[in-house]
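Residue-level structural notes
If you want the building blocks of each chain, they are given just below.
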Amino acid sequence: MITGKNYIGNRLSGEGDKTHHTVNPKLNIENPTEFVEATPEELEEAVSLSEKAFQTYKKISGGKRAVFLNTIADEIDALGNELIQMYCAESGLPEGRAAGERGRTVFQLRAFAKMVRKDDWRQNVIDVGQPDRNPSPKPDLRKTSIPLGPVVVFAASNFPLAFSTAGGDTASALAAGCPVIIKSHAMHSGTGELVASAIIKAVKKTGMPNGVFSNITGRGRTVGQALVKHPKIKAVGFTGSIAGGRALFDLAAQRNEPIPVFTEMGSINPVVITSNALDSRAEEIATQYAGSITLGTGQFCTKPGLILTVESEWTQVFIKDLAKKTISIEAQCMLHPNIKDGYVENGNLVSQQKGVTVMGKIDTLLGENYAASQVNAVSGSDFISNPKMHSEVFGPFSLVVICKDEKELISAINHLEGQLTGTIMAEESDKETLGEVVDALQSRVGRIIFNGVPTGVEVSGAMTHGGPYPASSDSRFTSVGLEAIKRWVRPFTYQGWPKEMLPDYLQD
Ligand code: NAP
């Protein structure tokens, strides 16, 4: 049952007087529950509990942490249809997507559980001492990874489950040994509270310390900023807008003790289609990309927002076909009225720039918060000279850039900011000549795809979901996949330490 309250550790609490409701975007009405923003006192209690819990939780074995993570997964599954219905009512997304995202969420939790059962993830280095080495003895050095401390995770609007309350940031931080305080997303506070209740049940069932998890609601930035500024918080995870991520990053840098902030922000995910690829399969590529642009109503950070190609006899045929196919896919509801407003505003901004032609745009919508999918075209020179076209339009929107030659295409890539992904659609016969394009993309992106689409991010140890700024604030890390755990630990070395005082995982 939803209460609208915060979880301050294991305790439900709603002492404040600032409230908000979530919105059902399909019906364009507020959902019934009133959510109460946490007060400064409640925040203080949550942070203090989490610091206290850290002293115990950091020493709990990987095996016990694994049981905790698996129990969270079980409890999320046990929420059953109530969770699915809440997710749909707060996001406008269909039941199939809700069930798929829940599957991904529990899979992530179980994957981290499996990972921390063994200690390999710590990447220990044992350099055995040589007391009789000449001319000076060599010390015994044992390097491991230890958790940073309490972490604040900002839930993402576009993944109410997989990048939210028990999403990848939370799963990886808990796996690493860090307590988590969630800043719940105000657009899906009900989904967040249900998942938080599952985590709290797991905390109690597995005997984890009170404060290892808290769920804080609120909207209007006060709560999020207070958490990031709090001296007991030691790291932050965020998925959302560039403006929001950057503001939190700057806030953390201004603290007396600056802390790491791992933000995953905007991306337009450039796709290069060679002339040979268009020559041999323009229609197939148009079908594939119409699906990728509109998937999830374009509300994925990996949506292909930019398609680059060198002008050939097939270019116009392809663009017209892509536009036709994109707008023939039924328009869907967006996550929230604010996101819809942002889509309209940013889409208009790009399509009104000099040289941009709207090649296709849906003109009839089923409701207020539905998105009109849109495909546009522009020349390489107009694109390069106008950075207003280089920013994300969050929704089913894509811009095709027609370059006069490969040099211009590479220049267009070089003018882009950092991106999560880059894609090359090419033929066997192109392989010899792709070198410069690959080099240009590699300098801009965290993952490069060959003959595929960027949407669909596999949870794997080999995944990189991050990239040069502003795709993420620290391109050395991924926010998806098992390597995400590395964000929440720091290297630590024991020198000359008595064997019996070393942790089990650093014994010979
Ligand atoms: P957002 O505005 O960045 O907000 C995300 C979270 O960060 C919210 O909890 C918000 O708290 C908090 N926040 C934002 N700015 C803050 C600040 N200055 N100080 C403290 N907290 C702050 O993202 P959103 O609400 O999810 O969506 C807005 C737009 O972001 C979308 O339209 C889209 O353009 C973009 N977006 C991109 C991606 C992507 O993956 N590329 C994903 C999601 C959203 P409050 O609720 O308290 O303000």
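Keep in mind it's a predicted model, so treat the numbers as computed, not measured.

Cut-offs applied
- Residues numbered from 1 in each chain as written.
- Predicted model: local features only at pLDDT ≥ 70, side-chain atom pairs only at ≥ 80, totals over all residues.
- Heavy atoms only, no water.
- Phe/Tyr/Trp six-rings, centres within 6.5 Å; stacked < 30°, edge-to-face > 60°.
- Lys NZ or Arg CZ within 6 Å of the ring centre and 35° of its normal.
- Near = heavy atom within 4 Å.
- Polar contact = N/O pair within 3.5 Å; in protein donor to acceptor, adjacent residues only side chain to side chain.
- Helix = DSSP H or I, 4+ residues; strand = E, 2+ residues; numbered from the N terminus.
- Nonpolar A, V, L, I, M, F, W, Y, C, P; charged D, E, K, R; others polar.
- Domains from an automatic or database assignment.
- Contact = heavy atoms within 4.5 Å.
- Buried area = accessible area lost by both parts, 1.4 Å probe.
- Expected span 1.5 Å × (residues − 1).
- Bend = angle between axes of the 7 residues up to and from the residue.
- Buried < 20%, exposed > 50% of the residue type's maximum accessible area, 1.4 Å probe, protein only.

Description of the packing of aromatic side chains
Note on aromatic pairs: each is described by the distance of the centres and the angle between the planes. In this structure the tally under the stated criterion is eight aromatic pairs. Across from the ring centre of Phe159, 4.9 Å away, lies the NZ or CZ of Arg97, which sits over that ring.

Things to note about the site of the ligand
For the ligand, the set of nearby residues contains 23 residues, the closest of which are Ser157, Arg221, Gln225, Ser241 and Cys301. Taking Gly220, its main chain carries an N or O atom lying 2.9 Å from an oxygen atom of the ligand. The greatest single-element share of the shell around the ligand, amounting to three residues, is contributed by helix α8 (residues 242–253). Broken down by class, the residue content of the shell around the ligand amounts to nine nonpolar, nine polar and five charged. Both domain 1 (36–128 + 141–265 + 472–506) and domain 2 (270–450) contribute no fewer than three residues apiece to the shell around the ligand.

Here's the deal with the domain arrangement of the protein chain
Looking at the protein chain, the domain boundaries give domain 1 (36–128 + 141–265 + 472–506) and domain 2 (270–450). Put simply, the middle of domain 1 and the middle of domain 2, counted by C-alpha atoms, are 34 Å apart. On the side of domain 2, twelve residues touch domain 1, which itself brings eleven residues to the contact. In total, domain 1 and domain 2 occlude about 1,000 Å² of area from one another, counting both sides; carbon and sulfur atoms represent 62% of this. Together, Asn158, Met187 and Glu264 form the three largest contributors to the area buried by domain 1 at its contact with domain 2, with a combined 40%.

Describing the side chain of His188
Assignment of secondary structure puts His188 in the loop between β10 (180–183) and α6 (189–205). Separated by 2.8 Å, the side chain of His188 and the backbone oxygen of Ala156 make a polar contact. Not counting residues within four places of it along the chain, the set of residues in contact with His188 comprises Thr22, Glu90, Ala155, Ala156, Ser157, Pro160 and Ser164.

Remarks on helix α9 (residues 275–294)
Across its 20 residues, α9 extends only 24 Å between first and last C-alpha, which sits more than 12% below the 28 Å expected from 1.5 Å per residue. Maximal helix bending in α9 amounts to about 100°, located at Arg281. For α9, the full list of buried residues reads Ala277, Leu278, Arg281, Ala282, Ile285, Ala286, Tyr289, Ala290, Ser292, Ile293 and Thr294. Directly after α9, the chain includes Gly296, whose backbone phi takes a positive value near 60°.

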